[in-house]
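Chain by chain, the residues run as shown.
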Amino acid sequence: MAGDQKPPSTGGPGDVPPGAGQGWTALSYLIAGMLVWGFIGWLVDRWLETDGIATGIGIVLGMAGGIILVVRKLGTPQ
Amino acid sequence: MFGQANVLAQGAANFPPSVEDFYLPSILPWGAHNSYWFTKITFMVWLAVGILILFFLLSYRNPQLVPTKKQWFAESIYGFVRNNIAVDMIGHQGVRFAPYFTTLFCFVLLTNFFAIVPFFQISPNSHIAFPAFLALISYVLFNYVGIRHHGFVKYFKNSLIPPAPWYILPLLIPIEAFSTFLVRPFSLAVRLFANMFAGHMLLLVFTLGGFAMLNATGLLAPVSVLSWLMTVALTFLEFLVICLQAYVFTVLTASYVQGALAEEH
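A.B. asks: Explanation requested: the overall build of chain B in the structure shown.
C.D. replies: When helices and strands are tallied, chain B shows eight helices and zero strands. Going from the N terminus to the C terminus, chain B shows its helices and strands as α-α-α-α-α-α-α-α. Long-range contacts, defined as pairs at least 24 residues apart, comprise 69% of the intrachain contacts of chain B with a sequence gap of at least 6. Accessible surface, chain B as shown: approximately 13,700 Å² in total, 75% of it carbon and sulfur.

A.B. asks: Is there a simple way to think about the side chain of Asn112 of chain B in this case?
C.D. replies: Residues and elements named next belong to chain B. Counting through the fold element by element, Asn112 comes out in helix 4 (residues 98-113). Of the residues examined, Asn112 reaches a relative accessible area of 0% and is grouped as buried. Not counting residues up to four positions away in its chain, the partners in contact with Asn112 are Ser123, Asn125, Leu192, Met196, Ile242, Gln245 and Ala246.

A.B. asks: Quick question: what am I supposed to make of helix 3 (residues 69-90) of chain B here?
C.D. replies: For an α-helix the count is 3.6 residues per turn, leaving residues at separations of three or four pointing the same way. Residue and element names in this part refer to chain B. With 22 residues, helix 3 extends 30 Å between its outermost C-alpha atoms, agreeing within 8% with the 32 Å of an ideal straight helix rising 1.5 Å per residue. Maximum bend of helix 3: about 30°, positioned at Arg82. Of all the positions in helix 3, only Gln71, Ala74, Ile77, Tyr78, Gly79, Val81, Arg82, Ile85, Ala86, Val87, Met89 and Ile90 are classed as buried. On its buried face, helix 3 is in contact with helix 2 (40-61), helix 4 and helix 8 (221-261).

A.B. asks: Explain the pattern of salt bridges here, please?
C.D. replies: Opposite charge on two side chains permits them to pair, given that their charged atoms come into close proximity. Counted under the stated rule, the structure contains one salt bridge over all chains. Notably, a salt bridge pairs Lys73 of chain A with Glu176 of chain B, separated by 2.8 Å at the nearest N-O pair. One end of the pair, Lys73 of chain A, is in helix 2 (residues 53-74); the other, Glu176 of chain B, is in helix 7 (residues 169-216), on a second chain. Under the relative-accessibility criterion, Lys73 of chain A is labelled buried at 16%. The class for Glu176 of chain B is buried, based on a relative accessible area of 1%.

A.B. asks: Explain the packing of helix 4 of chain B against helix 8 of chain B to me, please; I cannot follow it from the model alone.
C.D. replies: Describing two packed helices takes the angle between their axes plus the distance from one axis to the other. Residue and element names in this part refer to chain B. Running from N to C, helix 4 and helix 8 cross one another at 155°; their axes reach a closest spacing of 9 Å. It follows from the interaxial angle that helix 4 and helix 8 lie roughly antiparallel. Note on packing geometry: the crossing formed by helix 4 with helix 8 is right-handed. Listed contacts from helix 8 to Phe101, Leu104, Phe105, Val108, Leu109, Asn112 and Phe113 of helix 4 are Phe239, Ile242, Cys243, Gln245, Ala246, Tyr247, Phe249, Thr250, Thr253, Ala254 and Val257. Taken together, the residues that form the contact of helix 4 with helix 8 break down as 14 nonpolar, four polar and no charged.

A.B. asks: Would you explain the nonpolar core in this entry?
C.D. replies: Across soluble globular proteins, nonpolar side chains show a tendency to be buried alongside one another. Counting residues in hydrophobic clusters, the biggest one holds 58 residues, and the most contacted among them are Phe56, Ile90, Phe97, Phe101, Phe114, Phe249 and Val257 of chain B. Of all the secondary structure elements, the ones that give two or more residues to this core are helix 2, helix 3, helix 4, helix 5 (129-150), helix 7 and helix 8 of chain B. With 12 residues, the top contributor of residues to this core is helix 8 of chain B. In terms of nonpolar packing, the next biggest core, distinct from the first, is built from 15 residues, Tyr29, Leu69 and Leu74 of chain A together with Val183 of chain B among them.

A.B. asks: Explanation requested: the packing of aromatic side chains in the structure shown.
C.D. replies: The relative placement of two aromatic rings is captured by the distance of their centres and the angle of their planes. For the coordinates displayed, the defined rule picks out 18 aromatic pairs over all chains. When the ring of Phe80 of chain B is compared with that of Phe105 of chain B, the centres are 5.8 Å apart and the planes differ by 55°; the resulting orientation is tilted. With Phe80 of chain B in helix 3 and Phe105 of chain B in helix 4, the pair connects residues that are 25 residues apart, well separated along the chain. By relative accessible area, Phe105 of chain B is classed as buried at 9%. One aromatic cluster in this structure is built from Phe152, Tyr155, Phe156 and Phe181 of chain B. For the cation-ring pair, Arg191 of chain B lies above Trp24 of chain A, with the distance from its terminal atom to the ring centre recorded as 3.9 Å.

A.B. asks: Honestly, the confidence of the model for chain A in this entry has me stumped. Any pointers?
C.D. replies: Do not read the predicted coordinates in detail wherever pLDDT is low. Counting all residues, the mean pLDDT for chain A is 77, and 71% of those residues have values of 70 or more. Contacts for the low-pLDDT stretch residues 1-14 of chain A, under 50 throughout, to residues beyond four places or in other chains number 16 contacts.

About the criteria used
Residues numbered from 1 in each chain as written. Chains lettered and ligands numbered in written order. Predicted model: local features only at pLDDT ≥ 70, side-chain atom pairs only at ≥ 80, totals over all residues. Heavy atoms only, no water. Helix = DSSP H or I, 4+ residues; strand = E, 2+ residues; numbered from the N terminus. Contact = heavy atoms within 4.5 Å. Areas by Shrake-Rupley, 256 points an atom, 1.4 Å probe, with all protein chains shown as cover. Buried < 20%, exposed > 50% of the residue type's maximum accessible area, 1.4 Å probe, protein only. Expected span 1.5 Å × (residues − 1). Bend = angle between axes of the 7 residues up to and from the residue. Salt bridge = Lys/Arg side-chain N within 4 Å of Asp/Glu carboxyl O. Axes fitted to C-alpha atoms, helices over the stretch in contact; angles between N-to-C directions. Parallel < 35°, antiparallel > 145°, perpendicular 65-115°, else oblique. Left-handed = near helix turned anticlockwise from the far one by under 90°. Nonpolar A, V, L, I, M, F, W, Y, C, P; charged D, E, K, R; others polar. Core = buried A, V, L, I, M, F, W, Y, C linked by side-chain atoms within 4.5 Å. Phe/Tyr/Trp six-rings, centres within 6.5 Å; stacked < 30°, edge-to-face > 60°. Lys NZ or Arg CZ within 6 Å of the ring centre and 35° of its normal. pLDDT = per-residue confidence, 0-100.

Here it is in structure tokens:
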């Protein structure tokens, strides 16, 4: 557009989403982890008729996975 | 269009407000209850589009070196989105996306703002269809940008395979896939929709609740007044939510685009 200035030189192009994006990413990993593996566990439950055990294991696994993802992707870069 | 005001004037508001209150009578076949082709919501969306197009066209039509008031206003909105959202989140190549983010930000802000404008008093975004479509556009945008930047295979490899030893990858890949390709558009749409829906509901409860109490017995009149004062206070809160949600929607879209453009994690 007319009168458009040059882009300022500020703004670090990091690989980690800055600010609010980071918070939402972390939250979505933690919830998605529980949901995905909880659901897989629930399917296993239905299949093997182990009332609820597999769902529980799935949710715990999913939590662990979510935490690993948050640490790996949002933690201090190596 | 003045459905709500009429309902209040007739004192015929049924108190616990329900989802029905979000489906306003149609405008074009005037007052029809089963026709949704042209309702107040439709009107507001077109109005918002029209206002934005006119505003930006008029304020940039004859740009001055020393900006006029209108030009200054338009430039500061664009400058805010470009510097504080696009460049901040994506880096210097974010400038390419600044026009879209500005449009998105202004559109969401304006349609949200209708929630507290007298006689409009409902936001189109309190119907899931509008946030859902905006989220769909963001979804297509970040995937398209990612695929174009990296190529199809590399983009999906980038976004599905996190930096981790191979033996935990089977645990992590489903989570990544779910959170990137399913949760993102869903949460984007639902966050905006739920905030605007809840805001409208809250205002309805306090306004109509005041009338309901007044109709029940005159003794409750002071409580009715308190309830209406709460409506005023909540309107200010609603204003905060309106601005915040427009900002959050744009920032998250920018953050997804940034994620799609990022090199190896």
